[in-house]
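Chain by chain, the residues run as shown.
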Amino acid sequence: MIHTEMNGCRIDILPIIKGLVSEYDRVKGHITDDYDCIAVSLSIEDIEIYGNPALKDPEYDPSDFDSVYAHFLGKFGEIDVPVPAYRAVTDACKEKGLIPFPLEMCDEDFTKAYCNCVKIGDMLKEKRLLKKAMKHGFDMTSPETFVKEWDTMMSAMKGHNALAL
């Protein structure tokens, strides 16, 4: 966990590994009664879906990126969708009577930003990067090492990098 302070408030940042089932218990164990607010890197719509499993899209079709990510991440344990770490946040907040604070854009704003940032050249580069990743792989010494390399690969695409900022 990363600890910092801002304007007299203590802020704890918990890095997660998206997809690993084992993250559920780890994340949920970090959410104690000490917190007045829990922020999560989800949109308001995603928080609603995680908070109400009945809203989950039964026809979820993973992107090529999600499939390749899952292929590699699966070497570290069982994986699941929706992301267990995010489900842990919404479950813990519900138990503690807190409403998770969204840190991501709403779906409509994200769609607009994606269309403005990600160009056809980025989409072509995505396919080349995924093909290269499948051939050469990643440093698989730990899930954290893999995810850092994955994020580095993602930020190599100009459109995705602009979208992340």
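Our subject is the structure listed above.
Residues numbered from 1 in each chain as written. Predicted model: local features only at pLDDT ≥ 70, side-chain atom pairs only at ≥ 80, totals over all residues. Heavy atoms only, no water.

Q: Help me understand the overall build of the chain, please; the structure alone is not making it clear to me.
A: Along its length, the chain carries eight helices and four strands. Each helix and strand of the chain, ordered N terminal to C terminal, gives the series β-β-α-β-α-α-α-β-α-α-α-α. Its C-alpha radius of gyration of 17 Å places the chain within 12% of the 15 Å reference for a compact globule of 165 residues. The principal-axis extent of the C-alpha atoms belonging to the chain is close to 45 × 40 × 35 Å. Split into buried and exposed, the 165 residues of the chain put 30% on the buried side. The contacts in the chain between residues at least 6 apart in sequence include a share of 74% that link residues at least 24 apart. Here the chain displays about 10,700 Å² of accessible surface, and carbon together with sulfur accounts for 56% of that area. Of the side-chain charges in the chain, 19 are positive and 29 negative, and the distance between the mean point of each set is 8 Å. (Helix = DSSP H or I, 4+ residues; strand = E, 2+ residues; numbered from the N terminus. Rg over C-alpha atoms; globule rule 2.2 N^0.38 Å. Buried < 20%, exposed > 50% of the residue type's maximum accessible area, 1.4 Å probe, protein only. Contact = heavy atoms within 4.5 Å. Areas by Shrake-Rupley, 256 points an atom, 1.4 Å probe, with all protein chains shown as cover. Lys, Arg positive; Asp, Glu negative; His and termini not counted. Charge placed at Lys NZ, Arg CZ, Asp CG, Glu CD.)

Q: Is there a simple way to explain the pairing of strand β2 (residues 9-13) in this structure?
A: On a regular strand, one side chain projects to one face of the sheet and the next to the other, so that they alternate. Across five bridges, the pairing between strand β1 (residues 2-6) and β2 is antiparallel. Along β2, the bridge assignment pairs T4 with I11. The turn joining β1 and β2, which pair antiparallel and follow one another in sequence, is formed by two residues; a positive phi near 50° is taken by N7. (Pairing = 2+ DSSP bridges.)

Q: It is not clear to me how unusual backbone geometry should be interpreted in this structure. Could you clarify?
A: Residues other than glycine predominantly adopt negative phi, and peptide bonds predominantly adopt the trans conformation. Cis geometry marks the peptide bond from V81 to P82; its omega dihedral reads 5°. Within the fold, P82 resides in the loop between α3 (64-73) and α4 (84-96).

Q: Teacher, can you tell me more about the environment of K131 here?
A: If you trace the backbone, K131 turns up in helix α6 (residues 120-136). Taking the C-alpha atoms as reference, K131 lies 9.4 Å from V68; in sequence the two are 63 residues apart.

Q: Please clarify how the side chain of D12 should be interpreted in this entry.
A: Residue placement: D12 occurs in strand β2. We classify D12 as buried; its relative accessible area is 18%. Among the polar contacts made by the side chain of D12, one reaches the side chain of R10 at a distance of 2.9 Å. (Polar contact = N/O pair within 3.5 Å; in protein donor to acceptor, adjacent residues only side chain to side chain.)

Q: Explain the nonpolar core here, please?
A: Note that soluble globular proteins tend to have their nonpolar side chains buried in a common cluster. F65, Y69, F138, F146, W150 and M153 are the most contacted members of the largest nonpolar core, which totals 17 residues. Counting only elements with at least two residues in this core, the list comes to α3, α6 and α7 (143-155). Aside from chain neighbours lying at most four places away, what touches M153 is F65, L129, A133 and F138. If you look at the next biggest cluster of nonpolar residues, it comprises 16 residues, including I38, V40, A85 and A88. (Core = buried A, V, L, I, M, F, W, Y, C linked by side-chain atoms within 4.5 Å.)

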